[in-house]
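A structural walkthrough
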Number of protein chains: 2
Amino acid sequence: MSVITIERKVLEKNDNVARENRATFALEGVFVLNMVSSPGAGKTSILEKTFEHLRGKIAVGVIEGDVQTDLDAQRVARFGIPAVQIVTRGGCHLEAGLVREALQRLDLKSIDLLIIENVGNLVCPANYDLGEHERVVVASTTEGDDKPLKYPALFRTASVMLINKMDLVPYLNSQPEVLKKNALSINPGLLVFQTSCVSGAGIDAWCEWLVANAQRNASKR
Amino acid sequence: MSVITIERKVLEKNDNVARENRATFALEGVFVLNMVSSPGAGKTSILEKTFEHLRGKIAVGVIEGDVQTDLDAQRVARFGIPAVQIVTRGGCHLEAGLVREALQRLDLKSIDLLIIENVGNLVCPANYDLGEHERVVVASTTEGDDKPLKYPALFRTASVMLINKMDLVPYLNSQPEVLKKNALSINPGLLVFQTSCVSGAGIDAWCEWLVANAQRNASKR
């Protein structure tokens, strides 16, 4: 029982810091995403495609969360974008406090859109608000179409879903339409994009949504 | 600091129960695997293929761990195999105590090989010994070849790796040889099988290894 109590305290403390982060984002006029997925669903590849498309349109920054290594930060740094790497050293999710620390190394005033790439994990990140505006879950077609039913918390707390690796659909038994139906059965309000970093499909629509939201958010500053 | 202390106590307690489980397995002569992977890497599909191949050769039982739903237990139950479903209701890994509870619903005397399918998660299960003989990590070719570097704890504590979805390699940028090299750089002792549940490749070799180990283990009873 004591463990449950402490876990609640940890979550309460996290939620307080998340609220502070959200206030910071509001003050600086930054639109913030928390991207979550299984390991290898393609979050970093989507970021690479996204940064290519957004170049010259809006100013982007990124916080990379990883259990170990800064491989992802190296990948996104090639785009000349302000990037901070958080290495959790075994930790299975990002917490609001880690994001707050990372924010101190970013010039938020010069950023319209901040993307936080969470640790690859479909379970634990669901409980940790980072202060983001939108939680984006990336589901790969290769993972099978039952994932929203088996990992409902993340799909319930997300507002956007990318169904990624659409190029592989011809070679799979799973069907993106079933995946989508299962996700909407958990969370009818999910906004769904179907994307492929190989063919480029869906990246335009996703980026248009990002630009529209970042601009609308900035206009509130 | 208090959280860290309690986390240590949780792990100590888990390790004690894992030792008890191991003693039970030794007493009953059951060979036990703990299968871990990202969500959707194909653990349950491998189990289905494995059960087909092992039919009439050795007696198999299964414990299914899931965050939510008994979809996987339903899939394996079709093979007429003793199966117990553990639903963690949001919990991100199996613990030795949950396995101990599940064992009470299995007739271990009539089982040669017990496969525990863990929750789909490449991070948290690394810390929780269930009392298994071998920890088997399933890495899908679609997840990219950098996963062992990014999630080293699980690859370090596993003794066997299945590189699954080999049939999709022609359609991917990632290379199984690089994945294998990265895994061996983390854990040079890993035994590696390359498998496909679509083509059936590698399933024979994997099942031969299972039978040999289960029989050797039973002979010690």
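In this report, the structure presented in the accompanying data block is examined. Fair warning: this is a prediction, and the values are worked out from it, not measured in the lab.

A separate point is the sheet that holds strand β2 (residues 60–66) of chain A. Residue and element names in this part refer to chain A. Taken together, the 7 strands give an open sheet; going across it, the order is β3-β2-β4-β1-β5-β6-β7, and neighbouring strands pair in parallel fashion. Strand pairing shows two members of the sheet lacking a second neighbour, β3 (83–87) and β7 (191–194), which therefore form its edges. For this sheet, the mean inter-axis angle between neighbouring strands, taken without regard to orientation, is 20 degrees. Judged from the 5 bridges that link them, strand β1 (residues 31–37) and strand β5 (residues 134–140) form a sheet pairing that is parallel. Among the inter-strand pairings, V36 is bridged to a residue of β5, identified as V137. Contacting β1, β2, β4 (113–117), β5 and β6 (160–164), helix α2 (residues 43–54) crosses the sheet at an angle of about 165 degrees to β4. Packing of helix α7 (residues 176–186) onto the sheet brings it into contact with β5, β6 and β7, and relative to β6 it is tilted by some 160 degrees.

Every buried residue belonging to helix α4 (residues 96–103) of chain B is among A96, V99, A102 and L103 of chain B, and all of these are buried. Down the axis of α4 of chain B, the smallest arc covering the buried residues is 120 degrees, so these residues share one side.

Taken together, the contacts link 33 residues of chain A with 33 residues of chain B. Together chain A and chain B conceal approximately 2600 Å² of surface at their shared face, both sides included; 66% is due to carbon and sulfur atoms. Taken as a group, P39, K150 and Y171 of chain A account for 22% of the area that chain A buries against chain B, more than any other trio of residues on that side. Counting every contact that joins chain A to chain B gives 4 salt bridges. The partner of K150 of chain B in a salt bridge is D72 of chain A, with the nearest N and O atoms 2.7 Å apart.

After a rotation of 180 degrees and a shift along the axis of 0.0 Å, chain A superposes on chain B with an RMSD of 0.0 Å. Each copy turns onto its partner about a two-fold axis. A high fraction, 100%, of the interface residues of chain A reappear at the interface in chain B, so the copies pair face to face through one surface.

What follows is about the pairing of β3 of chain A. All names here are of chain A. Bridge analysis of β2 against β3 gives 5 bridges, and the strand direction is parallel. If you follow G65 over to β3, its bridge partner there is I86. Viewed along the sheet, the connection from β2 through helix α3 (residues 71–77) into β3 turns out right-handed.

In this section: the pattern of salt bridges. Should the charged atoms of two oppositely charged side chains come close, the side chains can pair. Residues and elements named next belong to chain A. Considering all chains together, one arrives at 18 salt bridges over all chains under this definition. For R100, the salt bridge identified is with E20, shortest N-O distance 2.8 Å. Here R100 is found in helix α4 (residues 96–103), whereas its partner E20 is found in helix α1 (residues 2–28), with 80 residues between them in sequence. For E20, a relative accessible area of 41% puts it in the partly exposed group. One network of salt bridges, with partners in common, ties together E48, R75 and R78.

What holds strands together in a sheet is hydrogen bonding between their backbones, with the strands either parallel or antiparallel. All names here are of chain B. Reading across from one edge, β3-β2-β4-β1-β5-β6-β7 is the order of the 7 strands in this open sheet, with parallel pairing throughout. Of all strands in the sheet, those with a lone pairing partner are β3 (83–87) and β7 (191–194), marking the two edges. The sheet shows a mean angle of 20 degrees between the axes of neighbouring strands, taken without regard to direction. Pairing of strand β6 (residues 160–164) with β7 involves 4 bridges; the strand directions are parallel. Paired with I163 across the strands is Q194, a residue of β7. Sitting on the sheet, helix α2 (residues 43–54) is in contact with β1 (31–37), β2 (60–66), β4 (113–117), β5 (134–140) and β6, with an inclination near 165 degrees to β4. Together, β5, β6 and β7 form the strand contacts of helix α7 (residues 176–186), whose direction differs from that of β6 by roughly 160 degrees.

Rules used in this analysis
- Residues numbered from 1 in each chain as written.
- Chains lettered and ligands numbered in written order.
- Predicted model: local features only at pLDDT ≥ 70, side-chain atom pairs only at ≥ 80, totals over all residues.
- Heavy atoms only, no water.
- Pairing = 2+ DSSP bridges.
- Helix = DSSP H or I, 4+ residues; strand = E, 2+ residues; numbered from the N terminus.
- Axes fitted to C-alpha atoms, helices over the stretch in contact; angles between N-to-C directions.
- Contact = heavy atoms within 4.5 Å.
- Buried < 20%, exposed > 50% of the residue type's maximum accessible area, 1.4 Å probe, protein only.
- Arc of directions from axis to C-beta.
- Buried area = accessible area lost by both parts, 1.4 Å probe.
- Salt bridge = Lys/Arg side-chain N within 4 Å of Asp/Glu carboxyl O.
- Least-squares fit on C-alpha atoms with pLDDT ≥ 70 in both.
- Right-handed = clockwise from strand over helix to strand, strands pointing away.

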